[in-house]
Amino acid sequence: MFEIRVICSPTEAPEITKALAETFTTGPVRRHPTRDGERVRLYVTAEQQPSHWPAPETAYATAPSVISEIGWTARGVRDCLHGVHVREFWLRKAALLDRIALTDDDPVNGDPVNGDAATLAVEAARRLMDIDQTAGLGPSGYADGPYTPDHPDSIREPRGYVRQEYALWIRHH
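Residues numbered from 1 in each chain as written. Predicted model: local features only at pLDDT ≥ 70, side-chain atom pairs only at ≥ 80, totals over all residues. Heavy atoms only, no water.

## What about the overall build of the protein chain?
Then step 1. When helices and strands are counted, the protein chain shows seven helices and three strands.
Then step 2. Start at the N end of the protein chain and walk to the C end: the helices and strands fall as β-α-β-β-α-α-α-α-α-α.
Then step 3. Of all 173 residues assigned to the protein chain, the portion counted as buried reaches 36%.
Then step 4. Looking at the protein chain alone, contacts between residues at least 24 apart form 60% of all its contacts between residues at least 6 apart.
Then step 5. Accessible area for the protein chain stands at about 10,400 Å²; split by element, carbon and sulfur atoms hold 54% of it. (Helix = DSSP H or I, 4+ residues; strand = E, 2+ residues; numbered from the N terminus. Buried < 20%, exposed > 50% of the residue type's maximum accessible area, 1.4 Å probe, protein only. Contact = heavy atoms within 4.5 Å. Areas by Shrake-Rupley, 256 points an atom, 1.4 Å probe, with all protein chains shown as cover.)

In structure tokens:
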């Protein structure tokens, strides 16, 4: 749990309060005027919202090995270039990169979230989301659940969207 302090104009306060509540689990907002009386100080206690995405261990529980998926992805480039199985290619590539990123440590910071593999995983996830959004796929194409590619949670956590989609896809294959 942590506390957030925001100084803003009184007209911005409702929008900022709403944005914080959408991003975090928040307590009541305490509002106080600034010394000059022209702005307000907002104080809110917040916690990160629990993740609703499938855990990697769950999403990839029955996935082929990483080595196998690297081979499939390399072969799949040819088919993808000819317009065959474009969504499946990007789904499997994004999932593969996500799995690699989970084990990749950034050599500078030791941070698995910000390494090169994580960057590539997010880029591939966004490509999959673009494909799904453009295709306007229904329940048979992407998420039977509430998290479509244009959902704010999907946009905020593209790799979570990949895990959701991969878990649904692998169940049917």
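From this point, things continue past the structure.
## Observations regarding the pattern of salt bridges
Then step 1. Under the definition given, this model contains eight salt bridges.
Then step 2. One salt bridge in this structure joins R92 and E69, with 2.5 Å as the shortest N-O distance. On the criterion of sequence distance, the pair formed by R92 in helix α4 (residues 86-103) and E69 in helix α3 (residues 66-81) is long-range, its members being 23 residues apart. Exposure class is identical for R92 and E69. Each is buried.
Then step 3. Here R156 and D153 are joined by a salt bridge, their closest N and O atoms 2.4 Å apart. On the criterion of helical spacing, the pair formed by R156 and D153 is a turn pair, its members being three residues apart in helix α6 (residues 152-156). (Salt bridge = Lys/Arg side-chain N within 4 Å of Asp/Glu carboxyl O.)

## Examining α4
Then step 1. An ideal rise of 1.5 Å per residue puts 26 Å on 18 residues; α4 measures up with 26 Å between its terminal C-alpha atoms.
Then step 2. Of the positions making up α4, those classed as buried are R87, F89, W90, L91, R92, A94, A95, L96, L97, D98, R99 and A101. (Expected span 1.5 Å × (residues − 1).)

## Observations regarding the side chain of R92
Then step 1. When its relative accessible area of 10% is taken as the criterion, R92 is described as buried.
Then step 2. Among residues more than four places away in sequence, those in contact with R92 are P64, E69, W72, Y166 and W169.

## Re the pairing of strand β2 (residues 24-33)
Then step 1. When β2 meets strand β3 (residues 40-48), the two strands line up antiparallel, connected through eight bridges. Across the sheet, F24 pairs through a bridge with Q48, a residue of β3.
Then step 2. Connecting β2 to the antiparallel partner β3 that follows it, the hairpin turn spans six residues, and G37 within it adopts a positive phi of roughly 75 degrees. (Pairing = 2+ DSSP bridges.)

## Comments concerning the sheet that holds strand β1 (residues 2-8)
Then step 1. With antiparallel pairing, the three strands of this open sheet are ordered in space as β1-β3-β2. Edge positions in the sheet fall to β1 and β2, since each has one partner strand and no second. With strand direction ignored, the average angle separating the axes of adjacent strands in the sheet is 20 degrees.
Then step 2. Where β1 and β3 come together, seven bridges link them in antiparallel fashion. Residue V6 lies in a different strand from β3, and its bridge partner there is L42.
Then step 3. Seen against the sheet, helix α1 (residues 13-23) touches β1, β2 and β3 and runs at an angle of roughly 155 degrees to β2. (Axes fitted to C-alpha atoms, helices over the stretch in contact; angles between N-to-C directions.)

## Overview of the nonpolar core
Then step 1. If you look at the biggest cluster of nonpolar residues, it comprises 27 residues, and the most contacted ones within it are Y60, W90, L128, V162 and Y166.
Then step 2. Taken together, the elements giving at least two residues each to this core come down to α4, α5 (116-135) and α7 (158-171).
Then step 3. Looking at this core, the element that brings in the most residues is α5, giving eight residues.
Then step 4. Ranked by size, the runner-up nonpolar core spans nine residues in total, among them I4, V6, V44 and A46. (Core = buried A, V, L, I, M, F, W, Y, C linked by side-chain atoms within 4.5 Å.)

Function cannot be inferred from these measures alone, as they are strictly geometric.
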